[in-house]
Amino acid sequence: MSTPRFAELDDVRDHTFDYIICGGGTAGLTLAARLSEDPTVSVLVLEAGKANLNDPAIMVPGAYLQQFGNPEYDWAFMTTPQERCDGKQLMWSRGKSLGGSSAMNFMSYMRPSEKDINAWEELGNPGWNWSNFLEHSKFGERFTPPNSEQTSLYHHTFNPEYHGTKGELNVGFPNSIMLGEVKLQEALNNAGVKTLQDGCGGDVNGAWMAALTIDPKTRARAYAATAFYVPNADRANLHVLLEAHAAKIVFENLAILDVAGPRRAVGVEFFHNGQSYVASCRREVLVCAGAIKSPQILELSGIGSLDVLHSIGVEPEISLPGVGENAQEHSLFGTSFELDPNLNWDTYDKLMDPTRAAAEMALFTEKQQGLFTMGLATLSCIPLQTVSAEAMSLISDQRSNIESQLKDGKINEGLGEQYRLQLRSLEDPSQVDLEFTVFPAFFTFRSTPEPEKAYMTILSVLNRPFSRGSIHAASASCLDPPVIDPHYFDDDFDMKLMLEALKFLRVLRNTEPWKSIIAKEVDPGPAVQAEDEMREYIKQSLTTIYHTCGTCSMLPREKHGVVDPKLKVYGTTNVRVVDLSIVPLHVTAHPQALVYGIAEKAAALIKQG
Ligand SMILES: Cc1cc2nc3c(=O)[nH]c(=O)nc-3n(C[C@H](O)[C@H](O)[C@H](O)COP(=O)(O)OP(=O)(O)OC[C@H]3O[C@@H](n4cnc5c(N)ncnc54)[C@H](O)[C@@H]3O)c2cc1C
């Protein structure tokens, strides 16, 4: 394959394309590849970031932290000060290279539970169910099973029925995992958590060594750019303009036509090198800018809540109060453990030493071995009933709380439907509520790690938040970052679940064989036992796991929906949103497989016409 070709400004401005895709990220590039399979159709992708192809910070799995906060790769959005976290502001990283967040994610590959996807159909979205999703999700996957050495060392298991093998996106297993993770999984079993054969088959209740989006030969990251752009860059009908910031959708001027009715998009205005240009479209505009930027593009195009549009001085085109609302985020806090020094196990902590880091990078480059091949391996998704003896009373209190808020009219019926499904999941002991993921190094912020020591940090993830946030344009300029307000802990039940997670970790810390490899709990530390101290720790340590959804929810319009089940924006004839923002109710999964699946389904819907 020759060096990939990119469009120049002159190939794009004032030109007309069949489809314009705003955002060349995970969903956008998948969609671009599928639509441009038909050589008679022209596709333009406007991507705000740079290509950054073959960049080690992207390609080397263990190097992903190098991207964080660096504007070459990361949007590094900031939330508003969070009232219930003592005014703390959190950085929400999102990928800004070609390939979007798939270029900076932790590469874990899993699918949500069958019941989570079926819940979307129940919310009023015919056709969005597990069997249909699985078919689309497997389509682009190229799965390589673990070899015998990986299987015997790390106990990898899988079920071939749940994997595609003929697609473009490589999914495989890392050839090195910190051995403490194997001990942790055994302890999880001893604490009542089952071992899962495969986290891609619609049941995520259990612990397993997850697959990663990596190339099984080179061990390098596999992501939307390597799977869906690079192999297709020679297509004459596929045009990608980099550093092109989509500002707004241009609609046909109905005032001149003197008709009312649904709005038809005729192009997109975008910024490139500080200047504004327009590209025209014949068929559709596809908004794929991710859950933080897609609502902003709609609002700057005059689609949204009238109050928001007036506040930023944008002329309303379509009143859709759901735009930017219903934001749901998976949040987490870390608990760090020092490992028994006699074990001398390698963790990422060793990379703090520049000499060792350089040697490890050489090892990766020359032999595709060593610490830089490691990614996130252990995933364990657990029902509250397994984690906590208090589960049933906590859930019953939350049901009463929600029912009384509904009765008092504090929650609208649309949100009430979502909450009832969340309560049903909580009450179902086969559905999971919390996730425990291992970061193979020190990754908490109260104490300082000691050189030469090795650590393991358990990330406790809240998967079904009751708190709902919002993301709205801050001004009429697309270059101003949106206002992100996750409303963390607006519903105290979210905090209560995190408290149960911390208590469970203390049980696990005393469960063999993990117990024997731990020297001590570092953060928050065994002195933190009182509930108010644990709450304080969780608030201070709270961070995001970068999975925002819901800001352009696929729901009926009267229930604050933004897109219909064909992902078309209400009130338009030819604008769709295709990315994680359309997910109306969050799932217990790391969502990249979900996003690839959504994009595959969108491509099929668009091709059907
Ligand atoms: C740090 C991190 C770690 C993660 N780890 C995992 C993991 O291990 N496993 C997992 O399953 N998921 C993980 N995720 C989540 C997963 O990667 C994302 O949910 C998924 O990639 C989102 O896809 P998307 O298409 O919705 O958005 P993105 O992939 O973010 O694509 C949006 C694209 O639009 C571009 N863009 C934005 N605004 C504009 C504009 N106005 N004009 C033009 N272009 C624009 C962006 O630059 C970007 O390229 C992680 C995410 C992050 C950020």
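You'll find the chain entered in an unreviewed UniProt entry as GMC oxidoreductase, with Calocera cornea HHB12733 given as the organism. The annotation that UniProt attaches to the chain under Sequence similarities (unreviewed entry) is "Belongs to the GMC oxidoreductase family." Looking at the Cofactor (unreviewed entry) heading of the UniProt record, one finds this comment for the chain: "FAD".

Participant: Summarise the UniProt feature "binding site: FAD" (unreviewed entry) in the chain; cite the residues concerned and give the values.
Facilitator: Sequence positions flagged by UniProt for "binding site: FAD" (unreviewed entry) are, in local numbering, Pro591 and Gln592. Relative to the assigned elements, Pro591 resides in the loop between strand 24 (575-577) and helix 18 (592-608). Contacts of Pro591, omitting those with residues within four sequence positions, involve His547 and Leu580. When you line up the elements, Gln592 lands in helix 18.

Participant: Run through the environment of Asp346, naming residues and quoting values.
Facilitator: Looking at the secondary structure, you find Asp346 in the loop between strand 16 (331-339) and helix 12 (354-367). Sequence separation between Asp346 and Tyr223 is 123 residues; the distance between their C-alpha atoms is 27 Å. Every residue in contact with Asp346, bar those within four places of it in the chain, is listed here: Met178 and Leu371.

Participant: Give a detailed account of the environment of Asp564, specifying residues and quantitative values.
Facilitator: For Asp564, the position within the fold is in the loop between strand 23 (543-544) and strand 24. Through-space distance from the C-alpha of Asp564 to that of Glu122 is 14 Å; in sequence the pair is 442 residues apart.

Participant: I'd like to hear about the UniProt feature "active site" (unreviewed entry) in the chain, residue by residue, with values.
Facilitator: Annotation from UniProt places "active site" (unreviewed entry) at His547 and His590. A stretch of 44 residues holds the annotated residues, and the largest C-alpha distance among them is 7.2 Å, short enough that they meet in one place. Residue class for His547 comes out buried when judged on the 23 C-beta atoms lying within 10 Å of it. Discounting chain neighbours no more than four positions away, the residues touching His547 are Glu329, His330, His590 and Pro591. Topologically, His590 is positioned in the loop between strand 24 and helix 18. Setting aside residues up to four positions removed in sequence, His590 forms contacts with Ser108, Met110 and His547.

Conventions and cut-offs
Residues numbered from 1 in each chain as written. Predicted model: local features only at pLDDT ≥ 70, side-chain atom pairs only at ≥ 80, totals over all residues. UniProt positions renumbered as here; feature names shortened; annotations may be inferred. Helix = DSSP H or I, 4+ residues; strand = E, 2+ residues; numbered from the N terminus. Contact = placed C-beta atoms within 7 Å. Buried ≥ 20, exposed ≤ 12 C-beta atoms within 10 Å, placed from the backbone.

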